[in-house]
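Listed below are the residues making up each chain.
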Amino acid sequence: MIKTQERIIEKLLLISALFTILTTVLIIIVLSYEAVIFFSDVSIIDFFTDTQWTPLFDEKHFGILPLLTGTLMTTLVAMSIALPVGLSIAIYLNEYSNKRFRAIVKPALELLAAVPTVIYGFFALVIVTPFLQMFIPNLAGFSSLSAGIVMGIMIIPYVSSLSEDALFAVPKSLREAAYGMGSTRFQTVFKVTLPAASSGVIVAVILAISRAIGETMIVAIAAGQQPRLTLNPLVPIETITAYIVQVSLGDVPHNSLEYRTIFAAGITLFVFTFILNNISFWLRKKYREKYD
Amino acid sequence: MKENKKDNTESEIPYLITVQNLNAFYSDFQALKNINLNIKPFTVMAFIGPSGCGKSTLIRIFNRMNDYIDGFRIEGNVIISGEDIYSKTVHTENLRKQVGMVFQKPNPFPKSIFDNVAYGLKIQGIKDKKFIEERVEKSLKQVVLWDEVKDNLKKNAYGLSGGQQQRLCIARTLAVEPSIVLMDEPTSALDPISTAKIEDLIFELKNKYTIVIVTHNMQQAARISDQTAFFYLGEMIEVGKTQQIFTNPKQKRTENYISGHFG
Ligand SMILES: Nc1ncnc2c1ncn2[C@@H]1O[C@H](COP(=O)(O)OP(=O)(O)O)[C@@H](O)[C@H]1O
Ligand SMILES: [Mg+2]
């Protein structure tokens, strides 16, 4: 009786595991299928070299570069906030703060990740942008700067919590060695603990980048919908994700070339995050072995 | 280090470490009870006693390594080189350059062999490359590791065997030329051959350093130390010349421990 029960449970677990794999495979197949059709109409060379992305206009251009730089810019701005702040928090919590402070701050930080991203988007639009405009008058109403800053705030807990785990995993004996040699707290952190945790911190950063690249709502609301090849953070741009939203929600007829652009854009996005996640997976495996 | 002579008449006595009426507490728990102890320079002092009797607590007081434990506090005086190391004017960083420590498990930094030994000099702000190189070589020679690693100084220290790692840690400690080296069961994680090498080393080192060593191994204490202190349940039961402690202990409890009747 118990045996058959166990066997049923085992089978159920197996089925759900297979189901997950199947879903992933199906997504990849659909993406690739649609992308293949797309690239039979549009040269892949144009796709990667054309500097304009205007599939919805009369004069059509299919250059992904503007969407890529848009994605890159918002990610860059986000990481330049999330990395220093997140890492500082991780170091402070792990090496300086007392247990009680840590017990309060950690869950509070994780709340940042729990806020719906649509709220961040509005926050960028109605608070951050007007505020920044007081100092930067030529900042447009939509920009990679505002969207990136707010996205950076959202990503802080990703960086801080994973970095903190990495710092926490550094054996106490290493800290003792550092202090025993007469290191100050600062020297212990920056010459011993942080280097020892570096691969873990890199994993945190890569996952945060991956999260930033894939973030949709904030950039769709606050970064604009104007694909343009620029490194200027003050003007409206469009990210890959925002473009996909724009077309998915718009009235572009399905099965048209215009509609298929989202699969081409989607597979580009997928390849990027896939590579990043694999690097972090590989690094994590590597550093887990280090102290065993 | 000089001006602290005030009411301390005993500063004339050539003891390097003096412990007076020392009590130590982890929150409410008293780990050391009224310890009085003197250690002469250029000797090896061994702490023995059953597990949990306070040996590590005491040795870690000498470089204030217990400062990081919440609720730890002491009463009494610990004087090293004439200075009360728990007075407010003492910087633990400076104290630890004078009082080095080797731990139970080898704990090299995940850096190259060279950088491990150079670490202490670098954090002191020493930049002179030649000086650092010479000091690294000298320290590695002192621990008889130089010939084994001289062609691999750039390699990560984690590639060394446990015994080599522990000698590297000793070299790292010696590189800043402390006057005292504390060792808390430095060979308990090592094989007999590595243990023998480190024991030989300790014997050599006492010409230049004062060594305080905690050991579980009574033969080891008998082989390498000049003085032995026996601890039991936070009290120092007996201290004296090693030979006397092992052949003719004054206290019954010391005799029982040494003859293996408990602990
Ligand atoms: N961090 C700590 N917090 C509370 N009690 C401790 C701590 N470290 C050691 N003790 C207690 O203090 C006593 C002495 O410990 P220790 O000095 O490590 O003994 P030994 O090194 O002789 O084995 C033990 O009873 C131990 O449980
Ligand atoms: Mg101990």
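Our subject is the structure that appears above.
Residues numbered from 1 in each chain as written. Chains lettered and ligands numbered in written order. Predicted model: local features only at pLDDT ≥ 70, side-chain atom pairs only at ≥ 80, totals over all residues. Heavy atoms only, no water.

> Got a minute to help me understand the overall build of chain A in this structure?
Regarding its fold elements, chain A presents 12 helices and zero strands. For chain A, the α and β elements follow one another from N to C terminus as α-α-α-α-α-α-α-α-α-α-α-α. Principal-axis analysis of the C-alpha atoms places the extent of chain A at approximately 70 × 70 × 35 Å. Put simply, chain A has 292 residues, and 45% of those count as buried. For chain A, restricting intrachain contacts to residue pairs at least 6 apart in sequence, the fraction spanning at least 24 positions comes to 70%. Accessible area of chain A: about 15,400 Å², with a carbon and sulfur share of 70%. Mean positive and mean negative side-chain charge positions of chain A (20 and 19 charges, respectively) differ by 16 Å. (Helix = DSSP H or I, 4+ residues; strand = E, 2+ residues; numbered from the N terminus. Buried < 20%, exposed > 50% of the residue type's maximum accessible area, 1.4 Å probe, protein only. Contact = heavy atoms within 4.5 Å. Areas by Shrake-Rupley, 256 points an atom, 1.4 Å probe, with all protein chains shown as cover. Lys, Arg positive; Asp, Glu negative; His and termini not counted. Charge placed at Lys NZ, Arg CZ, Asp CG, Glu CD.)

> What is the right way to read the sheet that holds strand S4 (residues 72–80) of chain B from this model?
By way of backbone hydrogen bonds, the strands of a sheet pair with one another, either parallel or antiparallel. Strand order in the open sheet formed by four strands is S2-S1-S4-S5 (chain B), and the pairing between neighbours is antiparallel. Either end of the sheet is taken by a strand with one partner, and the two such strands are strand S2 (29–39) and strand S5 (83–84) of chain B. (Pairing = 2+ DSSP bridges.)

> Whenever I open this one, the nonpolar core confuses me. Can you help?
A general trend in soluble globular proteins is that nonpolar side chains are found buried together. All names here are of chain B. Core analysis: the biggest nonpolar cluster contains 93 residues, and Leu 140, Ile 170 and Ile 211 have the highest contact counts within it. Each residue touching Ile 170, except ones within four places of it in the same chain, is listed here: Val 102, Val 143, Met 183, Ile 198, Leu 201 and Leu 205. In terms of nonpolar packing, the next biggest core, distinct from the first, is built from 35 residues, Leu 22, Cys 53, Ile 74 and Met 101 among them. (Core = buried A, V, L, I, M, F, W, Y, C linked by side-chain atoms within 4.5 Å.)

> Help me understand the sheet that holds strand S7 (residues 180–184) of chain B in this model?
Residues and elements named next belong to chain B. Pairing is mixed across the open sheet formed by six strands, whose spatial order is S6-S7-S8-S3-S9-S10. Lying at the two open borders of the sheet, with one neighbouring strand each, are strand S6 (99–102) and strand S10 (235–241). Averaged over neighbouring strand pairs, the angle between their axes works out to 15° when direction is ignored. (Axes fitted to C-alpha atoms, helices over the stretch in contact; angles between N-to-C directions.)

> Even after reading the chapter, I still don't get unusual backbone geometry, so can you show me in this structure?
With glycine set apart, most residues show a phi of negative sign, and most peptide bonds adopt trans. The phi dihedral of A:Asn255 is positive, around 70°, even though this residue is not glycine. With respect to the helices and strands, A:Asn255 occurs in the loop between helix H11 (240–249) and helix H12 (257–288). Under the relative-accessibility criterion, A:Asn255 is labelled exposed at 61%. Phi is positive for B:Glu185, which is not a glycine, with a value near 45°. Within the secondary structure, B:Glu185 is located in the loop between S7 and helix H7 (192–205). With relative accessibility at 11%, the residue B:Glu185 sits in the buried group.

> Would you mind going over the interface of chain A and chain B with me for this structure?
When the parts of a complex come together, some accessible area is lost, and that lost area is often taken as the interface size. With 18 residues of chain A at the contact, the number on the chain B side is 21 residues. Buried area between chain A and chain B, summed over both chains or domains, comes out near 1,700 Å², and the portion from carbon and sulfur atoms is 63%. Together, A:Glu176, A:Tyr179 and A:Met181 form the three largest contributors to the area buried by chain A at its contact with chain B, with a combined 34%. The interface formed by chain A and chain B includes two salt bridges. For B:Arg60, the salt bridge goes to A:Glu176, with nearest N and O atoms at 2.5 Å. Along the contact surface separating chain A from chain B lie five residue pairs in polar contact (both at pLDDT 80 or more). (Buried area = accessible area lost by both parts, 1.4 Å probe. Salt bridge = Lys/Arg side-chain N within 4 Å of Asp/Glu carboxyl O. Polar contact = N/O pair within 3.5 Å; in protein donor to acceptor, adjacent residues only side chain to side chain.)

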